[in-house]
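# Examination of the molecular architecture
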Amino acid sequence: MREERPEWHPLTAGQMDFWEEFVFHPDQPVSTVAHCLELQGPLDESALIAALTQAVAEADTLALRFGETPDGRVRQCVDPGRVPPLVRHDLRAEPDPWDAARALMRADIDAVLDLRRQPLSAQMLLRLREDRWAWYFRGHHMILDGFGMSLIEGRVARLYAHATGQGDAGSPFGRLADFLAEDAAYHASAACAQDRAYWQDQLGPFRAALPVLRKGAEDYGTAPMRATFTPGPGFERDLQAGAARLRLSWADTLTLLSGAWLALHDPDRADPLAPLPIWLPYMSRMGSVSANIPAMVVNILPLIITPQRDEPLPALLDRLARDLRRHRRHGRYRIEEMARDCGLSAGHRFHFTPLINVMPFAPPVFPGLMAKRHVLAAGPGDGFNISFLADGAGAGISAAIEADPAT
């Protein structure tokens, strides 16, 4: 029987950016994404193992292998041998099982990955006590974004419910090749040309205000300054009320308030009326086959805040909301291509600072179990970053601010 040859594909623009990051920082684990789902209750171990096994087998992006051609191009193919095996640890005999679990997970996150030779995903099932478990899942941003992580978690929960007789199995994940074909078709389309023209028009007047970073100059080896806080139920009620008055979603209200705070209340801003670019992750999956494909799809959109003297805050937020809605209609056009169109030379990229990331991802529902998500690593960060994690309705908000000491 003849062995089937792998089908090689080019990288997307977003993937190529992460590949270049790896080339510049081969000894730094800078783009790891890792979650841990803590599960408590009468868990059916065999059902969970079956669900984990099926979900990662469906997600073919987890089995990607990369290779370089003699002329320097980078290609990717699905290698079934790279599907992440489930590594199991029974930590019930440890003096502090959760501390032992954290040590195992942190060691995996901190390990340097060679994108040319090593698998880019891993998973562990850690038993902490009779009724407490932790499922750890890790990938690289070359193959996954945050929404892709939540897709995998949701698929595991759906398959677990089915295995325990509480629902149907749902639809399997789509194939990565379908997304890559769709991406290639978009870049050959009139829609892409229209999006390019839109962003050239939007960014042209503010080109001098857009920060630029030389690739390889990032100081990823330095630990960031970090503060975390929980705003609390009172803030969440006020946020919902304000969002209703502004006729915005709670997530957009939180994003735009954060941007306004940075523009108007940063004491180091030399001119409080100068344009301030903020950078916003954009899921970029609406109307795309990638809505059901775990992959690296997320885009970064620039939003230029232009404060006006004595402008009331609701008026500023309304103006920003209209800009944001327009931007999202053209959000499939990649930030790497915007940089090229703005004349950034090879080896340079936009510096995504300040970046505001609101993640409305509720933990998946496992029947009969309490599930708590821990985001252990969310990829690279440089400059100043504000992130918020909450469920889909805006409850249970937790916040973090990270800053590069060098800036």
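In the block above lies the structure referred to throughout.
Residues numbered from 1 in each chain as written. Predicted model: local features only at pLDDT ≥ 70, side-chain atom pairs only at ≥ 80, totals over all residues. Heavy atoms only, no water.

## Description of the packing of aromatic side chains
Our working rule: Between the rings of Phe, Tyr and Trp (Trp by its six-membered ring), a pair exists once the centres lie within 6.5 Å; its type follows the angle of the planes, with under 30 degrees stacked, over 60 edge-to-face, and the other angles tilted. Strands are runs of DSSP state E lasting at least two residues, helices are runs of H or I lasting at least four, and both sets are numbered from the N terminus onward. Whether a charge lies above a ring is judged from NZ of Lys or CZ of Arg, which has to be within 6 Å of the ring centre and within 35 degrees of the ring normal.
Applying the stated criterion across every chain yields a total of 8 aromatic pairs. Here the aromatic rings of W279 and F350 are separated by 5.4 Å at their centres, their planes lie at 35°, and the arrangement is tilted. Within this pair, whereas W279 is found in strand 10 (residues 276-282), its partner F350 is found in strand 12 (residues 348-350), the two being separated by 71 residues in sequence. One aromatic cluster is present, formed by W19, F22 and F66 through successive ring pairs. Across from the ring centre of W98, 5.2 Å away, lies the NZ or CZ of R132, which sits over that ring. Taking the ring centre of F352 as reference, the NZ or CZ of R349 above it sits at 5.5 Å.

## Re the environment of E20
For E20, the location among the structural elements is in helix 1 (residues 13-24). Through-space distance from the C-alpha of E20 to that of L203 is 24 Å; in sequence the pair is 183 residues apart.

## Digging into the sheet that holds strand 6 (residues 122-129)
Our working definition: We treat two strands as partners when DSSP finds at least two bridges between them. Here an angle of 0 to 180 degrees is reported between the N-to-C directions of two axes, which are lines fitted to C-alpha atoms, with helices fitted over the stretch in contact.
The strand order across the open sheet built from 5 strands is 5-6-7-2-14, with neighbouring strands paired in mixed fashion. Pairing within the sheet leaves two strands with one partner each, and these edge strands are strand 5 (86-90) and strand 14 (370-378). For this sheet the average axis-to-axis angle between neighbouring strands, irrespective of direction, equals 15°. Relative to strand 7 (residues 132-140), strand 2 (residues 32-40) runs antiparallel, the two being bridged by 9 bridges.

## Digging into helix 1
Side chains of residues three or four places apart in an α-helix project in the same direction, reflecting 3.6 residues per turn. Quick reminder of the rule: Multiply 1.5 Å by the residue count of a helix minus one, and that product is the helix's expected span. Relative accessibility decides the category of a residue: with a 1.4 Å probe and only protein chains considered, values under 20% of the type maximum give buried, values over 50% give exposed, and everything between is partly exposed. We call two residues contacting when some pair of their heavy atoms lies within 4.5 Å.
Relative to the 16 Å expected for 12 residues at 1.5 Å per residue, helix 1 spans 17 Å between its end C-alpha atoms, a close match to the ideal helical length. Burial in helix 1 covers these residues: G14, Q15, D17, F18, W19, E21 and F22. Looking at the buried positions of helix 1, the neighbouring elements they touch are strand 3 (64-68), strand 4 (74-78), helix 10 (335-341) and strand 12.

## Focus on the environment of A371
One can find A371 in strand 14. C-alpha of A371 to C-alpha of P354: the two residues are 17 residues apart in sequence and 32 Å apart in space. Once residues lying within four places of it in the same chain are set aside, the contact partners of A371 are E38, L39, P363, P364 and F366.

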